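Take a look at the letters that make up each chain.
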Amino acid sequence: MLSSTPTNSPQHGSIACVGLGMTLGSHLSPLARSHIEQADVVFAALSDGIVELWLQSMHPDVRSLQPYYGKGDKSRMVTYREWVGVMMAEVRAGKKVCAVFYGHPGIFAWSPHEVIRVAREEGFQAHMEPGISAEDCLYADLGIDPGRYGCQHYEASQLLFFEIPVNPRAYLVLWQVGLVGDTSFKRFSTGPEYRQVLVDVLSQDYPLDHEAIIYRCATLPIQQPHIRRVTLRELPTTDITSEETLVLPPADRPRHNDAIRERLAALDKLYQEKQATA
Ligand SMILES: C[S@@+](CC[C@H](N)C(=O)[O-])C[C@H]1O[C@@H](n2cnc3c(N)ncnc32)[C@H](O)[C@@H]1O
């Protein structure tokens, strides 16, 4: 997909990947709006048709990226490469392109990072403008501060495809649980058997009666966040949609590191002695 344009030469086209946030109407930043309004062409990968209609009220040439998805026989990676291709075609044609993604364009999203990489490699201006992601919303709606015990984020399938050491003393946030274990990259959902594999992997670090929070933030202003609390054991028999994120609270408290605390105490003592003689 890379063109023969020499790298690092100034080019007329440009691309800005911006986030629309999660909730229609309330999350769009003034800077993201200005990128949309000033673009020659706007591409859209959004959560639903209503949000796309709202975007159309901001620009006369909004092109949906949704039709590039196949119906079960096409890998999502093919779709995402096509997205990069159509966006770059307009950039190479000298257009000011704005690509709009729901949430934050750089969070669990391959194409925005890739199109920016390709555009910069070809000498075009490329910029990512952050948006309010599902992650931001879940901290607010579930009352979680990631700084309290630490917080790990994974695409759920990664825990199955790779040997990943999970830290049960921190929060664990799992994305794309609705299609956990899909090795084909063609399916939009998997079933109870696949969630059972996830539970088997998680049960190495968590008891089966541990709380699992299934979370969906509001995408329309008339909605409320949707929060379901089940046990890990119940996860296989609990339907999870493609718009939900799974949160496991810590199963254990952090343990004191006595050796390091003693070292720090000795340093503090030294510091106080130096202060006293200064
Ligand atoms: C491809 S990622 C896109 C994330 C998006 N870029 C963001 O900033 O939130 C899709 C995953 O985001 C999460 N997600 C999408 N919509 C959501 C919602 N309304 N509430 C909670 N999580 C959501 C789910 O884990 C879903 O599988």
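On a predicted model such as this, the values are computed, not experimentally measured, just so you know. Within any chain, residue numbers begin from 1 and follow the written order of that chain's sequence. pLDDT decides what is reported in this predicted model: residues at 70 or higher carry local features, side-chain atom pairs at 80 or more are listed and counted, and totals for whole chains, interfaces and linings draw on all residues regardless.

Peer 1: Tell me about the nonpolar core, residues and numbers included.
Peer 2: Of all hydrophobic cores here, the largest spans 62 residues; its most connected members are Ile15, Met87, Cys98, Ala99, Val100, Val115 and Ala119. Look past the residues within four positions of Cys98 in its chain and what remains in contact with it is Ala16, Val18, His35, Ile36, Ala39 and Val42. Defined on buried residues, the nonpolar core groups Ala, Val, Leu, Ile, Met, Phe, Trp, Tyr and Cys residues joined through C-beta atoms within 7 Å. Each residue is classified by how many other C-beta atoms fall within 10 Å of its C-beta atom, where C-beta atoms are placed from the backbone; a count of 20 or more means buried, 12 or fewer means exposed, and values in between mean partly exposed. Contacts are defined on C-beta atoms placed from the backbone: any two residues whose C-beta positions lie within 7 Å are in contact.

Peer 1: Any details on the UniProt feature "domain: Tetrapyrrole methylase" (unreviewed entry) in the protein chain? Residues and values, ideally.
Peer 2: Under the present numbering, the feature "domain: Tetrapyrrole methylase" (unreviewed entry) in UniProt falls on residues 15–235. Secondary structure content for residues 15–235 is 34% helix and 21% strand, while the C-alpha to C-alpha distance between its ends is 41 Å. UniProt positions are given in the numbering used here, feature names are shortened, and annotations may be inferred rather than shown by experiment. Every helix listed is a DSSP run of H or I at least four residues long, and every strand listed is a run of E at least two residues long, numbered separately from the N terminus.

Peer 1: Go over the pairing of strand β8 (residues 211–216) with me, naming the residues and quoting the values.
Peer 2: Between any two strands, at least two bridges found by DSSP are needed for them to pair. Taken together, the six bridges between β8 and strand β9 (residues 226–231) define a ladder with antiparallel strand orientation. Paired with Ala212 across the strands is Val230, a residue of β9. The pairing of β8 with strand β10 (residues 245–248) spans three bridges and is classified as antiparallel. Pairing of Ile214 across the sheet is with Leu246, part of β10.

Peer 1: Residues and numbers for the sheet that holds strand β5 (residues 125–129), please.
Peer 2: Read from one edge of the open sheet, five strands run β3-β2-β4-β1-β5, paired in parallel fashion. Where the open sheet ends on each side, the last strands, each with one partner, are β3 (62–64) and β5. Here the strands of the sheet are splayed against their neighbours by 20 degrees on average, with no regard to which way each runs. By the bridge criterion, three bridges tie strand β2 (residues 41–45) to β3 in an arrangement that is parallel. Each bridged residue has a counterpart across the sheet, and for Val42 the counterpart in β3 is Val62. Together, β1 (14–19), β2, β4 (96–101) and β5 form the strand contacts of helix α1 (residues 30–38), whose direction differs from that of β1 by roughly 135 degrees. Geometry is summarised by axes, namely lines fitted to C-alpha atoms with helices restricted to the contacting stretch, and by angles between N-to-C directions that run from 0 to 180 degrees. Sheet strands touched by helix α3 (residues 76–92): β1, β2 and β4. Its angle to β4, the strand with the most contacts, is close to 155 degrees.

Peer 1: Before we move on, can you summarise the site of the ligand with the specific residues and values?
Peer 2: Neighbouring residues of the ligand: 20 residues in total, closest Gly103, His104, Phe108, Ser133 and Ala134. Charged residues are taken to be Asp, Glu, Lys and Arg, nonpolar residues to be Ala, Val, Leu, Ile, Met, Phe, Trp, Tyr, Cys and Pro, and polar residues to be all remaining types, Gly included. In terms of residue class, the shell around the ligand is made up of nine nonpolar, eight polar and three charged. Any residue whose C-beta atom, as set from the backbone, lies within 6 Å of a molecule or strand is reported as near that molecule or strand.

Peer 1: Kindly report on the packing of α3 against helix α4 (residues 110–121), identifying the contributing residues and their values.
Peer 2: Contact geometry for α3 and α4: axes closest at 9 Å, N-to-C directions at 40 degrees. As judged from the angle between their axes, α3 and α4 are oblique. α4 is crossed by α3, and the crossing has right-handed handedness. Contacts from Tyr80, Trp83, Val84, Met87, Met88 and Val91 in α3 reach Trp110, Ser111, Glu114, Val115, Val118 and Ala119 in α4. Any angle that is under 35 degrees is reported as roughly parallel, and any over 145 degrees as roughly antiparallel; angles of 65 to 115 degrees are reported as roughly perpendicular and all others as oblique. For a crossing to be left-handed, the near helix must be turned anticlockwise from the far one by less than a right angle; the clockwise case is right-handed.

Peer 1: Account for the environment of Asp141, naming residues and giving values.
Peer 2: With respect to the helices and strands, Asp141 occurs in helix α5 (residues 134–142). For Asp141, a count of 17 C-beta atoms within 10 Å puts it in the partly exposed group. When near neighbours in sequence (up to four residues on either side) are disregarded, Asp141 contacts Tyr215, Cys217, Pro225 and Ile227.

Peer 1: Hey, could you go over the sheet that holds β10 for me, with residue numbers and the actual values?
Peer 2: Overall, mixed pairing links the five strands, which are arranged β6-β7-β10-β8-β9 in an open sheet. The sheet is open, and its two borders are formed by β6 (151–155) and β9, each paired with just one other strand. Across this sheet, the average inter-strand angle for adjacent strands is 20 degrees, counted without regard to direction.

Peer 1: For the confidence of the model for the protein chain, give the residues involved together with the corresponding values.
Peer 2: pLDDT: the predictor's confidence for each residue, scored from 0 to 100. Residues at a pLDDT of 70 or more form 96% of the protein chain, whose mean pLDDT is 95. Note that pLDDT drops below 50 for residues 1–9; the model gives that stretch 17 contacts with residues more than four away or on any other chain.

Peer 1: Talk me through unusual backbone geometry; I want residue IDs and the actual numbers.
Peer 2: Phi is positive for Phe108, close to 50 degrees, though the residue is something other than glycine. A positive phi angle, close to 60 degrees, is found at Phe185, a residue other than glycine. Residue position: Phe185 is located in the loop between β7 (171–175) and α8 (192–202).

Peer 1: With reference to specific residues and values, describe α1.
Peer 2: Along an α-helix, residues three or four apart share an orientation, since each turn contains 3.6 residues. Listed as buried for α1 are Ala32, His35 and Ile36. Within α1, the buried residues cover an arc of 100 degrees as seen down the axis, which keeps them to one side. Of the exposed residues in α1, those oriented more than 90 degrees away from the buried face are Pro30, Glu37 and Gln38. Elements in contact with the buried residues of α1: β1, β2, β4 and β5. Throughout, the arc means that of the directions going from the helix axis to the C-beta atoms.

Peer 1: Hey, could you go over the environment of Ile144 for me, with residue numbers and the actual values?
Peer 2: Within the fold, Ile144 resides in the loop between α5 and α6 (146–149). Given 19 C-beta atoms within 10 Å, Ile144 falls into the partly exposed group. As a C-alpha pair, Ile144 and Pro249 span 105 residues in sequence and 9.1 Å in three-dimensional space. Excluding residues within four positions of it along the chain, Ile144 makes contact with Leu138, Tyr139 and Tyr171.

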